[in-house]
Every structure is written in C-alpha cells, then in structure tokens.
Amino acid sequence: VLITMGWITAYYLLILLLGFIVATPLWLTAFFIWESGLSPLKAILSAAVSSYAVIRGVDLFGIALWPGAIPKIIPGILGGGIVPPL
C-alpha cells in the first residue's frame, strides 16, 4: 500500500510542478520501467501512446490542463500556472 501511495503522491507532485502534459508521460515511463519491468524503449513508447490518448481525450471535452507551477517555459504546456493561495 505504501508503494502505491508513493507513486500517487509522486504523480500529484509532478503535475503540480511540471503540469499535466509533461508529468503524465514522465510518470508513466518511470512507472512502466520500475514497476512493470518493461525495457526503456517499450516504456517510452507505451507512455507516449497512453499520454497522447488521455491528453487528446481530455482536450475533446474542452478542459484546460494545468501547465505547472514552475516559471513559464513553453506557454500553455510547461509552466506558468498560478498556484491558488492556501
């Protein structure tokens, strides 16, 4: 259970910092390599296909994806999100 909670926490932190579009393929690649035991090439390809499907599916509903809390690097994709006050 703790390992699963760690993976989920890592995913949420990646989304907060890097944004949904960047965090999803990075997290999936890491998960596929460490937990599934896939080769790095298969993990990268699987993560790319899965991420594309999820991101395009969400985009079809017109939902704006979180770009991340880091300073703006690539507008709308990596960085530039405003973190709400706690």
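Being a predicted model, the structure only gives us computed values, none of them experimental.

## Thoughts on the packing of aromatic side chains
Two descriptors summarise a pair of aromatic rings, namely the distance from one centre to the other and the angle between the planes of the rings. Summed over the entire model, instances satisfying the criterion amount to 6 aromatic pairs. A ring pair is formed by W7 and F31, whose centres lie 5.2 Å apart and whose planes are at 85°; its orientation type is edge-to-face. Placement of W7 in helix 1 (residues 2-18) and of F31 in helix 2 (residues 20-34) is noted, with a sequence separation of 24 residues between them. Each member of the aromatic cluster is reached from another via a ring pair, and the members are W7, Y11, Y12, W27, F31 and F32.

## Here's the deal with the nonpolar core
Residues W7, Y11, I15, F20, A23, W27, L28, A30, F32, A43, A47 and I55 constitute the largest nonpolar core, which totals 12 residues. Elements represented by at least two residues in this core include exactly helix 1, helix 2 and helix 3 (40-60). Looking at which element gives the most residues to this core, the answer is helix 2, with 6 residues. Look past the residues within four positions of A30 in its chain and what remains in contact with it is W7 and E35.

What counts as what
The residue numbers shown here count from 1 along each chain, following its written sequence. Only residues with pLDDT of 70 or above have their local features reported here, since the model is predicted, and side-chain atom pairs are shown and tallied only from 80 upward, although totals for entire chains, interfaces and linings are computed over all residues. For side-chain calculations, the full set of non-hydrogen atoms in the structure is used, while hydrogens and water are omitted. Under the pairing criterion, centres of Phe, Tyr and Trp rings, with the six-membered ring standing for Trp, must be within 6.5 Å; the plane angle then separates stacked pairs below 30 degrees from edge-to-face pairs above 60, leaving the rest tilted. Elements are defined by DSSP. Helices are runs of H or I of four residues or more, strands are runs of E of two residues or more, and each kind is numbered from the N terminus. By nonpolar core is meant a set of buried Ala, Val, Leu, Ile, Met, Phe, Trp, Tyr and Cys residues that side-chain atoms within 4.5 Å join together. Working definition: with a 1.4 Å probe on protein chains only, accessible area under 20% of the residue-type maximum means buried, over 50% means exposed, and in between means partly exposed. The contact criterion used throughout is that any non-hydrogen atoms of two residues lie within 4.5 Å.

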